[in-house]
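Summary of structural features
The primary structure of each chain is shown beneath.
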Amino acid sequence: MNLVLLGPPGAGKGTQAKKLSDYYGIPHISTGDILRTAVSEGTALGLKAKEYMEKGLLVPDDLIMGIIGERLEKPDCRKGFVMDGFPRTINQAEGLKKLLDEKNTKLDAVVYFDVPKGELIERFTGRRVCGRCGATYHVRYNPPSRENTCDKCGSELIIRADDKKETVEKRISVYEDETKPLIQYYEKEGLLISIDGTKPIDEVFEELISLLRGEKR
Ligand code: AP5
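Residues numbered from 1 in each chain as written. Predicted model: local features only at pLDDT ≥ 70, side-chain atom pairs only at ≥ 80, totals over all residues. Heavy atoms only, no water.

What follows covers the packing of aromatic side chains. Here a ring pair, both rings aromatic, is described through the centre-centre distance and the interplanar angle of the planes. In the structure shown here, the tally under the stated rule is three aromatic pairs. Taking 5.0 Å as the distance between ring centres and 85° as the angle between the ring planes, the aromatic pair formed by Tyr-23 and Tyr-24 counts as edge-to-face. For Tyr-24, a relative accessible area of 26% corresponds to the partly exposed category. Where Tyr-23 meets Phe-205, the ring centres are 5.8 Å apart and the plane angle is 80°; that geometry is what we call edge-to-face. (Phe/Tyr/Trp six-rings, centres within 6.5 Å; stacked < 30°, edge-to-face > 60°. Buried < 20%, exposed > 50% of the residue type's maximum accessible area, 1.4 Å probe, protein only.)

This paragraph deals with the sheet that holds strand 3 (residues 81–84). Pairing is parallel in the open sheet, where five strands are placed in the order 2-3-1-4-8. Looking at the sheet topology across the chains shown, the edges are occupied by strand 2 (28–30) and strand 8 (192–196). Pairwise comparison of adjacent strand axes, ignoring direction, gives a mean angle of 20° for this sheet. Contacting strand 2 and strand 3, helix 2 (residues 31–41) crosses the sheet at an angle of about 60° to strand 2. Relative to strand 8, helix 9 (residues 201–212) is tilted by about 155°, and along the sheet it contacts strand 1 (2–6), strand 4 (109–114) and strand 8. (Pairing = 2+ DSSP bridges. Helix = DSSP H or I, 4+ residues; strand = E, 2+ residues; numbered from the N terminus. Axes fitted to C-alpha atoms, helices over the stretch in contact; angles between N-to-C directions. Contact = heavy atoms within 4.5 Å.)

This part covers the site of the ligand. The environment of the ligand is formed by 37 residues, the closest being Thr-15, Leu-57, Arg-127, Tyr-137 and Arg-171. Residue Gly-12 places a main-chain N or O atom 3.1 Å away from an oxygen atom belonging to the ligand. The side chain of Arg-36 places a nitrogen or oxygen atom 2.9 Å from an oxygen atom of the ligand. Breaking the shell around the ligand down by element, the ones donating at least two residues are helix 1 (13–24), helix 2, helix 6 (117–126), strand 6 (136–138) and helix 9. Among the elements that make up the shell around the ligand, the one with the highest residue count is helix 2 (four residues). (Near = heavy atom within 4 Å. Polar contact = N/O pair within 3.5 Å; in protein donor to acceptor, adjacent residues only side chain to side chain.)

Two pairing modes exist for strands in a sheet, parallel and antiparallel, and in both the strands are linked by backbone hydrogen bonds. In space, the three strands of this open sheet follow the order 6-5-7, with antiparallel pairing throughout. Among the strands making up the open sheet, the edge pair consists of strand 6 and strand 7 (157–158). Note: strand 5 (residues 127–130) against strand 7, two bridges, orientation antiparallel. Paired with Val-129 across the two strands is Ile-158, which belongs to strand 7.

Structure follows, in structure tokens:
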């Protein structure tokens, strides 16, 4: 199963990508997570990406395509993948198509998570992430069992650097300008599945699975 999850920042892509990855036994590929690791490790990629991420801007396509090209070469991708946060521009979508063509494979579906802006802001203000393993929580909608402590690895939960109000506004406007056109792009390709992302996490997942099984398409 080759999947792409599309939607505004905070729509729940990462949350559902982790669940889909477990369910289908395919890797979760998050360009955001790869970039955050590179930034925290201070690699050459991280140093280049940091200034864009801090401002809520997209990291240049050539850097992103390099990351994806390398990641798709790994053996675990032979079974498929769930991409979260990529592609984000038409140029990246074309690049992905080319990479998959070279491997004689293609996307099975692109899932678009529909969540209105007002709800996105609430999700950012309550989001907490594990500084060590990257697990994501929400103080109200998906709280950890022990306050401020990761259920998976016991580390402290932190607020993501780009979840500040000004950065969030910028990320949403960049999404509107550069990423939203992908909805139409993938609709034309006959790959788009839209889902109401405002429902509770487990309900969104149930619906997602039945849509992917073709029951509701
Ligand atoms: P990235 O990490 O990809 O961030 P994003 O796309 O902005 O998305 P988020 O991670 O903020 O949200 P999400 O949709 O995954 O929501 P989540 O599941 O966490 O990118 C960060 C930066 O990296 C970019 O700004 C850019 O600079 C750079 N970058 C990355 N990829 C790039 C690319 N391809 N090209 C160029 N630059 C790139 O959920 C949010 C919160 O809501 C959580 O607290 C969660 O618990 C909660 N929640 C989830 N679902 C629900 C629900 N159904 N109901 C209630 N709460 C929910």
